[in-house]
Amino acid sequence: MEMASTCSSDRVFLDLELLLNRFRDRYVPYDVRGSIKHMKFLKTFLMCARKWSQSNDLYLKSENIVKKVSIPSFLSCIEDTFHEYEEDIHSPSLRSETDKYGVFLEIEKQIKLLKQEIIQIYFALASSRSLQSNSCMTGDELLEFIDLILQNLADLTNGYMDRNISESSISAALSAQVQALEAKLTFLKSFIPFAKMRGTADIPASLLAHFEVVALNAARLSYMCSYWDDAEEMHNPQFYSMIYDQQQKIRAVDFHVYETYMEVLRASYCSASLHTPMVHDKQILNNFNDSLISCLWELLCYSLSFMDSMKDEMHMLYAGLRFLRSILREHQEKMDEQNEKIGAFLSEAGIIILSPTLNRVIEGEVSFLESTVVLDFCDMLANTNINLKHFKDQISGSSTIESLPNSSHSLSVQHVCKPSRHMPSKGKMPIAHEVMVGLDDEAEKVIERLVSGTEQVEIVPIVGMAGLGKTTLAKKVYNDNSIIYNFHIRLWCTVSQEYNKKSLLTQILCSDGKHSRMDDLNEDDLLQKLYQKLKRNRYLVVLDDIWDFRAWNELRYSFPDEMNRSRIIFTSRSSNVASQVEYGGKPHYLRPLSEKESFELLQKKVFGKEDCPQALHGLGMEIAEKCRGLPLALVVVAGVLATIEHDIWVWEEFAKSLTLTMVSGTDQCKKSLELSYEHLPYHLKACFLYFAAFREDEKIGAKNLMRLWIAEGFVKKIEGKRSEVIAEEYLMDLIGRNLVMVSESKSIGGVKTCYIHDLILEFCKTEAKAKNFLQVLRGYDELSTFNEHPNPPRLSICSSREDFIKSRLFCPHLVSLQLFHDETSAHPHWLNICFLFCIYKHLKVLKLEGIYLKIKELPTEIESLLCLTYLAFKALQMKFIPPSIAKLSNLETFCLRSTETVSLPDSIWNMKKLRHVHVWDGCFVFPLSSNDNGLENVSTLPNLDTLCDLYLSFDQAENLLRRIPNIRRLAISDGQTGNGVLNMSRLECLESLTLELDVCCCSGPQGHIELSFPMNLKKLSLFGLGLPCSEMSLIEQLPNLEVLKIGCYTLDGERWELMEGGFPKLRVLTLSELDIVEWTETDPDSDDYFPCLQQLKLDQIRHLEMVPACLGRISTLETIKMERCRNDVKSLVMEIEEAQKSYGNENLKIIYETY
């Protein structure tokens, strides 16, 4: 029995670890995860309590009742519980993991009954310790105990804590306390090995006893937090206030032990030479340095008591410690020789940072001028900084490390470049479409391999150097008619160097537009979903930009081999990828363009459909020849040629310059990019380099990009011209120079999304960094060692939550921050971001859309960002915006991604500079009161340009619309009755309007709406309005309407008769989910209908039996696209096609999409 009582828990914990490792990638029910969490916390308690098993009995107090507890008896009780269930765990009848999970749940129920006693025992043990008593644990045992507590705290923040919390602000507050506890324990964990490494063989007993008290109190708090979801009182703010108070009382460096700390640090400094160098010395130094950086970071972020001179010295010390971190992360053997000096510096820095004098100054107990002790402290700080600077200069001069802080290059927007010697852009509309030259024979070869050959699935790799046109060729093949007709399913995915398995699967499944909202599916579900989608179909899947075979190994089991000639295309820079994968075929090596093809591509990119002037023909051939058949180089050079004078002398000078700068191989592209960059007018250089902030292969929203440019101050202000118009001209100029590519165009022209080639992206990163314009940091290695400039103006960071916090980045003068979540991290939720607002108070741009904030209310601390002009973030549970947001008086763009209805405060009407207010997936509620009915003294937002989506009952619309008089783009959702009057004729600037009723909550058309539209309207989207077909004449008469989308339940009736002379400028018409049977015109012989129509889109039109005869005669019609339409509708479209041919239109495109 004794053996069982001492070993049962350990064996059960071992079984638990084995079970978790075995099913690590499988879904574990939430209640089981909660049980596992509590078992881990119990393991920490048992490790601790066993060390005190020989101590005296403890007296536990609860509600004025004192209870005596013997630790050995209490442990025996727990062990008996484990022993009772141990045989069940190993029973042959429990074959599945589900059965074993059930046993763990039963154990956890029994342990939960002891919760309060465990918490009280922790408290009693900590209270029984004194500085004079010896520690019950050795240094190594204490480190093990601290490790277990840190693992428990990590479990709290990595998904357990924030599932059911009722208020997100509380969740964020608890997360902050957990992080603070982690920092204190991590310091203790790093201090002990550092002291031993530096020669302190025996850490004083009083210090170890203090460490024990800190660890016990931290373990107690973590155990309390682990049961936050088991007690109602823990859901109210008082519980979190108590946690905060308790956390504040836990001090890693208490005043009573400071002198002991100092003795150890000074002794370690003096006895360092006695220490024999060990393999792990560098890691020990690095850990202690990280802890000191963390402590100093806290002081710099949250302390306002420093004088400027003191603050500068503290910043210097912070920079010095980060420099030491960069050295310690180097792997060069020569740097090991510096460990002794680094250890001495860390001892000095520890004495300074842990000084009670510093803490007394911070807390306001003494001033800098009142105490000679403070002045002595300042002298020590200054001397340490001087010594660190000398050490840094010595290291930099000896070139013993490669990565050292560079000299600063101040760069404002006005100094991104000097004015170009060449002519500025002539404003010619750039050739945005993709020009394909010399790929016809290549495409034929690939297509032949795809449609013929072996029955089994085969991979066809397209291989070549960067910029050679691999993706362009793949797109040409993918969209070829023979491929479309030969394969049942076509899917596309861009892999890139850094990829995430779940993201790849989601991208593949969504590439045909037939799937959405798969966030809830795990990787196994997505693999199975893709397998089922492809099964029994002949499929073509393109995996673009594969760098190694690992990506294929992640996905290969989802591609069935039905022996039906299914195919997979790889595009890769490496020819080895295909040879290392199953089904890999012979690579198709993409050749460079010939001289003739090179000139043809150059000519088309420079002159479009026109021929090159004969006088420039020879120079053009010479320039094309220098590009050595590389399409990227040709495209970049063409972008320059398109913007300079088409004169022989100018082209001769250009050709000479090109000859001097071009080199062979991959350098050729770099030189081309440098050449292209130097020819940019100065106002475009900043805009171009700003692309460095975005990620590889990212499809960048054009509107969002232009708003960022405006917020950064890159766009000139011209009287009488909107900044957005000027920014669009900038973007089109960059596209015309072939530095930026169009990913998706708008239906009536213009750019919807854009991207840049990965080589151009790397150029932008390098150039932006060299000019101290913008710094890109990816992952912990770059974050932790970043120390290249004390005041970088802009940062783009891709990081996990843990790495970002651990890096302790401090750049108080930052003006622009874009933060993206590292998709390889297992924990995507960010709870506490208040520290951002405490540090970066000079921000103009804060873009957090790349991370998922687990908050329901925007923190009030945001009011400190008084310079902010652009704010964007993703918080799917966000419901409230605090009134303090009005203090951001300079804010122009406010974007939020939330699935909730978000309430805006009354103070929003005071934000007169607001131009763009967006919420995606959810909607905004603007505050309106009964006093708004009067016209006098009503606050307005005179500069508001865009408002999407607005939740508003139409009976309130009149009051709100008069308060946004200059709105240009508006989206309104009405989730109520849908009855009422909506008069928008007064909105003279309105160009784009979306009206949508909540059709999901009704079974038929909505009530009647009386509508009135402004005459300048260009784009109109309607959903669920229930308009009688007879009232469509109101819309047909809009003189400037170019795009019209009529969606589900918009029309009430089966017959829509077009009015003669209607839709005078309409170019795009989309009809979706309508019950129209007869669509006709008043005079079938008249041609006065749709005089400008170019695109007709029919989506889920199932009952249509008649279409207007005029559709067969419209000369401007270019495309008819059908999605999920019945065969009867297809027959009608075929009749239109025949009629168009009879009138000479042979180029009409008919696109069928089946689902």
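Residues numbered from 1 in each chain as written. Predicted model: local features only at pLDDT ≥ 70, side-chain atom pairs only at ≥ 80, totals over all residues. Heavy atoms only, no water.

In its Subcellular location (unreviewed entry) section, the UniProt record describing the protein reads: "Cytoplasm". The annotation that UniProt attaches to the protein under Sequence similarities (unreviewed entry) is "Belongs to the disease resistance NB-LRR family." (UniProt positions renumbered as here; feature names shortened; annotations may be inferred.)

Student: Please explain the overall build of the protein as it appears in this structure.
Tutor: Regarding its fold elements, the protein presents 37 helices and 35 strands. Of all 1155 residues assigned to the protein, the portion counted as buried reaches 53%. The contacts of the protein with a sequence gap of at least 6 include a subset with a gap of at least 24, amounting to 69%. Counting every atom, the protein has about 51000 Å² of accessible surface; 49% of that belongs to carbon and sulfur. (Helix = DSSP H or I, 4+ residues; strand = E, 2+ residues; numbered from the N terminus. Buried < 20%, exposed > 50% of the residue type's maximum accessible area, 1.4 Å probe, protein only. Contact = heavy atoms within 4.5 Å. Areas by Shrake-Rupley, 256 points an atom, 1.4 Å probe, with all protein chains shown as cover.)

Student: Just to check I follow, could you spell out a negative patch on the surface for this structure?
Tutor: Residues Glu595, Glu622, Glu625, Glu645, Asp647, Glu652 and Glu653 make up a contiguous surface patch of negative charge. Those elements that place two or more of their residues in the negative patch are helix 24 (614-626) and helix 26 (648-661). Using a relative accessible area of 35% as the deciding quantity, one classes Glu653 as partly exposed. (Patch = residues over 30% accessible without salt bridge, like charges linked within 9 Å, V, L, I, M, F, W, Y side chains within 5 Å. Salt bridge = Lys/Arg side-chain N within 4 Å of Asp/Glu carboxyl O. Lys, Arg positive; Asp, Glu negative; His and termini not counted. Charge placed at Lys NZ, Arg CZ, Asp CG, Glu CD.)

Student: Help me understand the nonpolar core, please; the structure alone is not making it clear to me.
Tutor: Across soluble globular proteins, nonpolar side chains have a tendency to be buried as a group. Core analysis: the biggest nonpolar cluster contains 229 residues, and Trp1079 and Phe1090 have the highest contact counts within it. For this core, the element with the highest residue contribution is helix 8 (residues 205-226), accounting for 12 residues. With sequence-adjacent residues up to four places away left out, Trp1079 is seen in contact with Trp1056, Leu1058, Leu1069, Leu1071, Phe1090, Leu1096, Leu1104, Met1106, Val1107, Pro1108 and Leu1111. One finds Ile700, Ile726, Ile760 and Cys895 within the second-largest nonpolar core, a separate group that totals 50 residues. (Core = buried A, V, L, I, M, F, W, Y, C linked by side-chain atoms within 4.5 Å.)

Student: Help me out: how do you make sense of the side chain of Thr893 in this one?
Tutor: Relative to the helices and strands, Thr893 resides in strand 17 (residues 893-897). A residue is classified by how much of its surface remains accessible, and Thr893, at 3% relative accessible area, is buried. Ignoring any residue separated from it by four or fewer positions in sequence, one finds Thr893 in contact with Arg707, Thr869, Tyr870, Leu871 and His916.

Student: For this particular structure, what's the right way to read the pairing of strand 9 (residues 741-745)?
Tutor: In the case of a regular strand, side chains alternate between the two sheet surfaces. Sheet topology places strand 9 next to strand 10 (residues 751-755); 4 bridges connect them, and they run antiparallel. From the neighbouring strand, Met741 faces strand 10, where its bridge partner is Tyr755. (Pairing = 2+ DSSP bridges.)

Student: Teacher, can you tell me more about the sheet that holds strand 9 here?
Tutor: Within a sheet, each strand pairs with its neighbour through backbone hydrogen bonds, oriented either parallel or antiparallel. Across the sheet, 3 strands lie side by side as 8-10-9; this open sheet has antiparallel pairing. Across the chains shown, the open sheet's two edge strands, defined by having one partner strand only, are strand 8 (700-701) and strand 9.

Student: Just checking my understanding: could you explain the pattern of salt bridges for this structure?
Tutor: If the charged atoms of two oppositely charged side chains come close together, the side chains can form a pair. Counted by the stated rule, this structure contains 43 salt bridges. For the salt bridge of Glu724 with Arg915, the shortest nitrogen-to-oxygen distance reads 3.0 Å. With Glu724 in helix 30 (residues 723-736) and Arg915 in the loop between strand 18 (901-903) and strand 19 (916-920), this pair connects stretches of sequence that are 191 residues apart. For Glu724, a relative accessible area of 13% gives the class buried. Across the pair Glu1057 and Arg1055 runs a salt bridge whose closest N-O atoms are separated by 3.1 Å. A single network of salt bridges, built from pairs that share partners, joins Arg722, Glu724, Arg915, Asp945, Arg968 and Glu991.

Student: Even after reading the chapter, I still don't get helix 19 (residues 501-510), so can you show me in this structure?
Tutor: A turn of α-helix holds 3.6 residues, and therefore any two residues three or four places apart point the same way. Along helix 19, the residues that are buried comprise Lys501, Leu504, Leu505, Ile508 and Leu509. Looking straight down helix 19, one finds its buried side chains confined to an arc of 125 degrees; they lie on one side. The inward-facing, buried residues of helix 19 contact strand 4 (489-494), helix 20 (523-534), strand 5 (539-546) and helix 21 (550-555). The N-capping residue of helix 19, defined by a side-chain oxygen 3.1 Å from the backbone nitrogen of Lys502, is Asn500. (Arc of directions from axis to C-beta. Polar contact = N/O pair within 3.5 Å; in protein donor to acceptor, adjacent residues only side chain to side chain.)

Student: Explain the packing of aromatic side chains to me, please; I cannot follow it from the model alone.
Tutor: Two aromatic rings are characterised by how far apart their centres lie and by the angle between their planes. Under the defined criterion, the tally for this structure stands at 35 aromatic pairs. Relative to Phe763, the ring of Tyr677 has its centre 5.9 Å away and its plane inclined at 65 degrees; by these criteria the two rings are edge-to-face. With a gap of 86 residues between them, Tyr677 in helix 27 (residues 667-678) and Phe763 in helix 31 (residues 758-770) connect regions that are remote in the sequence. Owing to a relative accessible area of 1%, Tyr677 belongs among the buried residues under this scheme. Phe763 sits in the buried class, given a relative accessible area of 8%. Taken together, the ring pairs in this structure connect Phe187, Phe191, Phe194, Phe211, Tyr261 and Phe288 into an aromatic cluster. Above the plane of the ring of Tyr478 lies Arg490, whose end atom (NZ or CZ) is 4.6 Å from the centre. The ring of Tyr677 has Lys685 lying over it, and the distance from NZ or CZ to the ring centre is 4.3 Å. (Phe/Tyr/Trp six-rings, centres within 6.5 Å; stacked < 30°, edge-to-face > 60°. Lys NZ or Arg CZ within 6 Å of the ring centre and 35° of its normal.)

Student: Would you mind showing me how to read helix 13 (residues 339-353) here?
Tutor: Its 15 residues place the ends of helix 13 20 Å apart at the C-alpha level, agreeing with the 21 Å of an ideal helix rising 1.5 Å per residue. Residues of helix 13 that are buried include every one of Asn339, Ile342, Gly343, Ala344, Phe345, Leu346, Ser347, Ala349, Gly350, Ile351, Ile352 and Ile353, and no others. (Expected span 1.5 Å × (residues − 1).)

Student: Would you explain empty space enclosed by the protein in this entry?
Tutor: Take a probe with the size of a water molecule and roll it over the atoms, and the empty space left behind shows itself. Under the definition given, this model contains 3 cavities of 30 Å³ or more. Taken as a whole, the largest cavity spans an internal volume of roughly 70 Å³. What lines the largest cavity is simply Phe691, Phe694, Arg695, Glu696, Asp697, Glu698, Ile700, Tyr755, Ile756, His757, Asp758 and Leu761. Residues of the lining of the largest cavity, tallied by class, amount to 6 nonpolar, 1 polar and 5 charged. (1 Å grid on protein atoms, 1.4 Å probe; cavity = no way out; pocket = protein on both sides within 12 Å on 5 of 7 lines; lining within 4 Å. Points joined across faces, edges and corners; volume = space filled by probe spheres on them. Nonpolar A, V, L, I, M, F, W, Y, C, P; charged D, E, K, R; others polar.)

Student: Even after reading the chapter, I still don't get the packing of helix 23 (residues 595-607) against helix 24, so can you show me in this structure?
Tutor: The description of two helices packed together rests on the angle between their axes and the distance between the axes. Where helix 23 meets helix 24, the closest approach of the two axes is 9 Å, and the angle between their N-to-C directions is 110 degrees. Comparing the axis directions of helix 23 and helix 24 gives the class roughly perpendicular. You can see that helix 23 and helix 24 cross each other, and the crossing is right-handed. Taking contact as the criterion, the partners of Glu595, Ser598, Phe599 and Leu602 in helix 23 are, on helix 24, His617, Gly620, Met621, Ile623, Ala624 and Glu625. Residue classes in the contact of helix 23 with helix 24 are distributed as 5 nonpolar, 3 polar and 2 charged. (Axes fitted to C-alpha atoms, helices over the stretch in contact; angles between N-to-C directions. Parallel < 35°, antiparallel > 145°, perpendicular 65-115°, else oblique. Left-handed = near helix turned anticlockwise from the far one by under 90°.)

Student: Explain a positive patch on the surface to me, please; I cannot follow it from the model alone.
Tutor: On the surface, a cluster of positive charge is made up of Lys703, Lys746, Lys1019 and Lys1045. For Lys1045, the position within the fold is in strand 28 (residues 1043-1046).

Student: Please explain the sheet that holds strand 3 (residues 458-463) as it appears in this structure.
Tutor: Reading across the sheet, the 5 strands line up as 4-5-6-3-7 and stay open at both edges, with parallel pairing between neighbours. Where the open sheet ends on each side, the last strands, each with one partner, are strand 4 and strand 7 (588-589). The sheet contact formed by strand 4 and strand 5 spans 6 bridges and is parallel. Bridged to Thr494 within strand 5 is Asp544.

Student: Can you help me understand the side chain of Ser1072 in this one?
Tutor: If you trace the backbone, Ser1072 turns up in strand 31 (residues 1068-1072). In this structure Ser1072 touches Ile1046, Gly1047, Cys1048, Asp1099 and Ile1101, once residues within four positions along its chain are discounted.

Student: Would you mind showing me how to read the packing of helix 16 (residues 440-451) against helix 17 (residues 470-478) here?
Tutor: For the pair helix 16 and helix 17, the least separation of the axes is 10 Å and the interaxial angle reads 60 degrees. Relative to helix 17, the element helix 16 lies oblique. Two packed elements cross with a definite hand, and for helix 16 against helix 17 that hand is right-handed. The residues of helix 17 that touch helix 16, namely those facing Asp440, Glu442, Ala443, Val446, Ile447 and Leu450, are Leu473, Lys476 and Val477. Looking at the contact of helix 16 with helix 17 residue by residue, the class counts come to 6 nonpolar, no polar and 3 charged.

Student: Before we go on, may I ask you to explain the environment of Tyr223 in this structure?
Tutor: Turning to its location among the elements, Tyr223 is positioned in helix 8. Assessed through its relative accessible area of 1%, Tyr223 is described here as buried. A sequence separation of 105 residues divides Tyr223 from Ile118, and the C-alpha atoms of the two residues are 8.5 Å apart.

Student: Explanation requested: the environment of Phe145 in the structure shown.
Tutor: With respect to the helices and strands, Phe145 occurs in helix 6 (residues 139-160). When neighbours within four sequence positions are excluded, Phe145 is seen to be in contact with Thr44, Met47, Cys48, Tyr122, Met137, Ala215, Leu216 and Ala219.

Student: What's the story with unusual backbone geometry in this structure? I'm lost.
Tutor: It is generally the case that most residues other than glycine have a negative phi and that most peptide bonds are trans. Put simply, Cys948 and Asp949 share a cis peptide bond, and its omega is -15 degrees. Of note, Asp949 is situated in strand 21 (residues 946-951). One non-glycine residue, Asp545, adopts positive backbone phi at about 65 degrees. Mapping Asp545 onto the fold places it in strand 5. The backbone phi angle of Gln1100 is positive, close to 55 degrees, even though this residue is not glycine. Inspection of the secondary structure assignment puts Gln1100 in the loop between strand 33 (1095-1099) and strand 34 (1119-1123). With relative accessibility at 16%, the residue Gln1100 sits in the buried group.

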